[in-house]
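# A look at the structure
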Amino acid sequence: MSRKAEQIVDDLRDFIVPSYPDIEIRVRPWEEDERRLAIYFTDTKFASLYPYQRWHYLTHLIPSEYQEQYLETTVWFELAPGESPADLSYPDEELISDITPDVMRILKAIGFFRKLDDIMCPHKKTAERGRCWGDFRNSRPLLLSSGITESELFDVFHVLMLQGGFCDCEILYNAVEESRLKAEYWTARAEGIEPHDPHRKT
Ligand SMILES: [Zn+2]
């Protein structure tokens, strides 16, 4: 079933604008294959995110039935202002899955998960907790100060994302077996208390 480009833009705006009020969405035939539509999403909030993270956030805002029905053959480009599709690098999922065990071993050895947990969920209850901004603002400097180089960050973060760690707090919830942040979450749930939300300002 096909749907007109303008109609798709309107639909997508309905899904996405509540979370990304300033997003710019353009839909037109894809240069490499005119039978397919290319969708260009541009937002300043994307500047601090990897394209794979941007895609992750967008795809969660668009109902899967809609994607299956109208977007199956479309090609997406998630851009920060000033970027072009050639600037986007996506992970090679097979390669990332191959390097995952080694990367995880290194991250454990350098104490990365423990240090991140210390920030997001400090031992001392009175200590100030780190906030998660839906990106890797806390993890990045930790990795760089623990011996991971700038050029290794892409692989490291994609290893974490493919395990469900799309932001600082999700690394501790999804990419590691144990963390204080995760334990605290489930303790609160078991006690019927609203768990602390790292994305909310405290
Ligand atoms: Zn988070």
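Residues numbered from 1 in each chain as written. Predicted model: local features only at pLDDT ≥ 70, side-chain atom pairs only at ≥ 80, totals over all residues. Heavy atoms only, no water.

- In the nomenclature of an unreviewed UniProt entry, the protein chain is known as DUF2695 domain-containing protein of Aporhodopirellula aestuarii.

### A short note on the packing of aromatic side chains
- Taken as a whole and judged by the stated rule, the model has 13 aromatic pairs.
- When the ring of Tyr 50 is compared with that of Phe 157, the centres are 5.9 Å apart and the planes differ by 45°; the resulting orientation is tilted. Of this pair, Tyr 50 sits in the loop between β2 (33–42) and α2 (51–61) while Phe 157 is found in helix α7 (residues 153–161), placing the two residues 107 residues apart along the sequence.
- Each ring, one from Tyr 173 and one from Tyr 185, has its centre 5.8 Å from the other, and the planes form 70°; the classification is edge-to-face. Of the two residues, Tyr 173 sits in helix α8 (residues 168–175) while Tyr 185 sits in helix α9 (residues 180–190), which places them 12 residues apart along the sequence.
- Joined through ring pairs, the aromatic side chains of Tyr 50, Phe 136, Phe 154 and Phe 157 make up one cluster.
- Between Arg 131 and the ring centre of Trp 133, over which it is positioned, the NZ or CZ distance is 4.1 Å. (Phe/Tyr/Trp six-rings, centres within 6.5 Å; stacked < 30°, edge-to-face > 60°. Helix = DSSP H or I, 4+ residues; strand = E, 2+ residues; numbered from the N terminus. Lys NZ or Arg CZ within 6 Å of the ring centre and 35° of its normal.)

### Some words on the sheet that holds strand β1 (residues 24–30)
- Pairing is mixed in the open sheet, where three strands are placed in the order β1-β2-β3. The open sheet is flanked by β1 and β3 (75–79), the only strands paired with a single partner. Averaged over all pairs of adjacent strands, the angle between their axes in this sheet comes to 20°, without regard to strand direction.
- Sheet topology places β2 next to β3; five bridges connect them, and they run parallel. In the strand pairing of β3, Tyr 40 is matched with Phe 77.
- Sitting on the sheet, α2 is in contact with β2 and β3, with an inclination near 115° to β3. (Pairing = 2+ DSSP bridges. Axes fitted to C-alpha atoms, helices over the stretch in contact; angles between N-to-C directions. Contact = heavy atoms within 4.5 Å.)

### Overview of the packing of helix α4 (residues 93–109) against α7
- Here α4 crosses α7 at 100°, and the two axes come no closer than 9 Å. In this view, α4 runs roughly perpendicular relative to α7, as classed from their interaxial angle. Contacts from Ile 96, Ile 99, Thr 100, Val 103, Met 104 and Leu 107 of α4 reach α7 at Asp 155, Val 156, His 158, Val 159 and Leu 160.
- Classifying every residue of the contact of α4 with α7 by side-chain character gives eight nonpolar, two polar and one charged. (Parallel < 35°, antiparallel > 145°, perpendicular 65-115°, else oblique. Nonpolar A, V, L, I, M, F, W, Y, C, P; charged D, E, K, R; others polar.)

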